[in-house]
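Listed below, chain by chain, are the residues.
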Amino acid sequence: MNKLIGLVGTNSDHSTNRMLLQYIQKHFADKADIEIVEIKDLPIFDKPADMQIPAEAKALAEKIEAADGVIISTPEYDHAVPASLMSALSWLSYGIYPFVDKPVMITGASYGVLGSSRAQAHLRQILDAPELKARIMPSSEFLLSHSLQAFDADNNLKNPDQIQELEGLFEDFLMFINIMKQLSHTHAAHVKAAENFSWENN
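Each chain carries its own residue numbering, running from 1 in the direction its sequence is written. Given that the model is predicted, a residue must reach a pLDDT of at least 70 before its local features are reported, and side-chain atom pairs must reach 80 or more before they are shown or counted; all residues, however, enter totals for whole chains, interfaces and linings. Just so you know, side-chain values use all the structure's heavy atoms and leave hydrogens and water out.

Draft legend 1. Region of the structure containing the environment of T186. Only DSSP runs of H or I covering at least 4 residues are called helices, and only runs of E covering at least 2 are called strands; the numbering of each starts at the N terminus. Looking at the secondary structure, you find T186 in the loop between α5 (160-182) and α6 (187-196). Along the sequence, T186 and D101 sit 85 residues apart, while their C-alpha atoms lie 9.2 Å from each other. Apart from residues lying up to four places away in sequence, T186 is in contact with D101 and R135. By definition, residues are in contact when any of their heavy atoms lie within 4.5 Å.

Draft legend 2. Region of interest: the packing of helix α1 (residues 16-27) against α5. One can describe the packing of α1 onto α5 by two numbers: an axis separation of 12 Å at closest approach and a directional angle of 70 degrees. Of the possible angle classes, the one that applies to α1 and α5 is roughly perpendicular. Where α1 crosses over α5, the two elements pack in a sense that is right-handed. Here Y23, I24 and H27 of α1 come into contact with α5, specifically with I163, L166, E167 and F170. Lys, Arg, Asp and Glu make up the charged group, whereas Ala, Val, Leu, Ile, Met, Phe, Trp, Tyr, Cys and Pro make up the nonpolar group; the residues left over, Gly among them, are polar. Residues belonging to the contact of α1 with α5 are distributed by class as follows: five nonpolar, one polar and one charged. Geometry is summarised by axes, namely lines fitted to C-alpha atoms with helices restricted to the contacting stretch, and by angles between N-to-C directions that run from 0 to 180 degrees. With respect to orientation, any angle under 35 degrees is reported as roughly parallel, any angle over 145 as roughly antiparallel, any angle of 65 to 115 as roughly perpendicular, and every other angle as oblique. Here a crossing is taken to be left-handed if its near helix is turned anticlockwise relative to the far helix by less than a right angle, and right-handed if that turn runs clockwise.

Draft legend 3. The arrangement of unusual backbone geometry in detail. Phi angles above zero are rare outside glycine, and K47 is one such case at about 45 degrees. Here K47 lies in the loop between β2 (32-37) and α2 (55-66). For N155, which is not glycine, the phi torsion reads 65 degrees and is therefore positive. Here N155 lies in the loop between β6 (142-144) and α5.

Draft legend 4. Representation of the pattern of salt bridges in the model. Between Lys or Arg on one side and Asp or Glu on the other, a salt bridge is scored when a side-chain nitrogen of the former is within 4 Å of a carboxyl oxygen of the latter. In this structure the tally under the stated criterion is nine salt bridges. Its salt-bridge partner being K3, residue E35 comes within 3.3 Å of it at the nearest N-O pair. In this pair, E35 is assigned in strand β2 and K3 in strand β1 (residues 2-8), connecting sequence segments 32 residues apart. Through salt bridges with shared partners, a single network forms among K3, D33, E35 and K63.

This is the structure in structure tokens:
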């Protein structure tokens, strides 16, 4: 069974993105072992000159490194991902590179009608950065709009069409993970490239 990380893409204590990941964890428990992890305990990224990485970031990186894939659920603030998620990804690409070649599925929930579509596009751009270089599943957006009304009292999605869509995307993600495992011959080179990359020298 694949081991997955569900990354809550916000530092908010009350988030429908966390609820979405909790639903995914429960709904697909027979298909994958999913651990939900938080970014809210990470300090704001400040690019320390001594390259000292917070213990919380190292621990999170180790979990991602050991996982077969990552599901990131992000809200949308001003057409972008939250600053807390950008900060977390900065730590996770500063001397540590757990996302290099890691299969990633992106989901998102928002109170409005667009379901974090712009934030998901923004997140794809970030994850493709030279220091991250994740393997992002193509054409895989799950957009949960009007998320405050999307769950019942037991934290289950209410709309059967949304459930069916999510089930299809999850099956595709498991297949994507298996395909990516076969494309591992350049992983060491990709990690070395991430380690050697510097915006100051380019």
